[in-house]
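In case you want the letters, here they are:
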Amino acid sequence: MKKQKEYTKKIEEYIELQKKSDTEIPTLAGLAVFLGISKERLVAFEFCSNKPLKESYIKAKNQIEHLILSKAALKLISSSTAHFYLQSAFGYAEKKEEVAQEEKDYVVEIKVAN
């Protein structure tokens, strides 16, 4: 239980550091490194029974997503970097426009000249 409280506190600390940084890109892997755990273990926090830890992780995940979008909008990171990370870590997908194919009947008139 003590370790989980420490994780919650350190998660908040990581997010605050990332908000102030103009040189680092916040990532889930970076958060895992900051906590000294594997990324797999970090991701498991979302499904743990400890409600404060679970909520802290979900909040951090949302804040990381927001920081990436904000940093891209402010041109602190490239849009391609943000695009790649958001696709791989947050499941963003390309928006595909589906064009409806309308069926139309065409009337072709052919005249034969004699």
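As the structure is a computational prediction, the values presented were derived from the model and not from experiment.

K.L.:
Looking at this model, I keep getting lost on the environment of Y92. Mind explaining?
P.N.:
Looking at the secondary structure, you find Y92 in the segment after α5 (79–90). In this structure Y92 comes out as partly exposed when scored by relative accessible area, which is 34%. Setting aside its immediate chain neighbours within four residues, Y92 contacts E65, L69, L86 and Q87.

K.L.:
Would you mind going over the packing of aromatic side chains with me for this structure?
P.N.:
Ring pairs (aromatic) are described by centroid distance and by the angle formed between their planes. Summed over the entire model, instances satisfying the criterion amount to three aromatic pairs. Seen from their ring centres, Y7 and F45 are 5.3 Å apart, and the 40° between their planes marks the pair as tilted. In this pair, Y7 sits in helix α1 (residues 2–20) while F45 sits in the loop between α3 (39–44) and α4 (51–73), placing the two residues 38 residues apart along the sequence. Classification of Y7 as buried rests on a relative accessible area of 6%.

K.L.:
What exactly am I supposed to notice about the pattern of salt bridges here?
P.N.:
According to the stated counting rule, one finds three salt bridges in the structure shown. Between E16 and K19 there is a salt bridge, with the nearest N and O atoms lying 3.3 Å from each other. Pair noted here: E16 and K19 are both in helix α1, with a separation of three residues, about one helical turn. Classification of K19 by relative accessible area gives partly exposed; the value is 44%.

K.L.:
Please clarify how α4 should be interpreted in this entry.
P.N.:
An α-helical turn contains 3.6 residues, so any two residues separated by three or four positions project in the same direction. Here α4 is 23 residues long and its end C-alpha atoms lie 33 Å apart, about the 33 Å a rise of 1.5 Å per residue gives. Listing the buried residues of α4 in full gives L53, S56, Y57, A60, Q63, I64, E65, L67, I68, K71 and A72. Those residues of α4 hidden inside the fold are in contact with α1, α2 (28–35), α3 and α5. Sitting at the amino-terminal end of α4 is N50, which places a side-chain oxygen 2.8 Å from the backbone nitrogen of L53.

Thresholds, definitions, all that
Position labels on residues start from 1 in each chain and follow its written sequence. The model is predicted, so local features are restricted to residues of pLDDT at least 70 and side-chain atom pairs to those at 80 or more, both for listing and for counting; the totals for chains, interfaces and linings are taken over all residues. Heavy atoms from the whole structure form the basis of all side-chain values; hydrogens and water molecules are not counted. The way it works is that DSSP assigns letters per residue, a run of H or I at least four long becomes a helix, a run of E at least two long becomes a strand, and they are numbered from the N terminus. When accessible area is computed with a 1.4 Å probe and restricted to protein chains, residues below 20% of their type maximum are described as buried, those above 50% as exposed, and intermediate ones as partly exposed. Throughout, a contact is declared for two residues whenever any of their heavy atoms are within 4.5 Å. Side-chain rings of Phe, Tyr and Trp, where Trp is taken by its six-membered ring, are said to pair if the distance between their centres is within 6.5 Å; with planes under 30 degrees apart they count as stacked, over 60 as edge-to-face, and otherwise as tilted. Between Lys or Arg on one side and Asp or Glu on the other, a salt bridge is scored when a side-chain nitrogen of the former is within 4 Å of a carboxyl oxygen of the latter. Here, expected helix span is obtained from the residue count minus one, scaled by 1.5 Å. Any pair of nitrogen or oxygen atoms within 3.5 Å is treated as a polar contact; in protein, a donor-acceptor pairing is required on top of that, and neighbouring residues in sequence qualify only through side-chain atoms on both sides.

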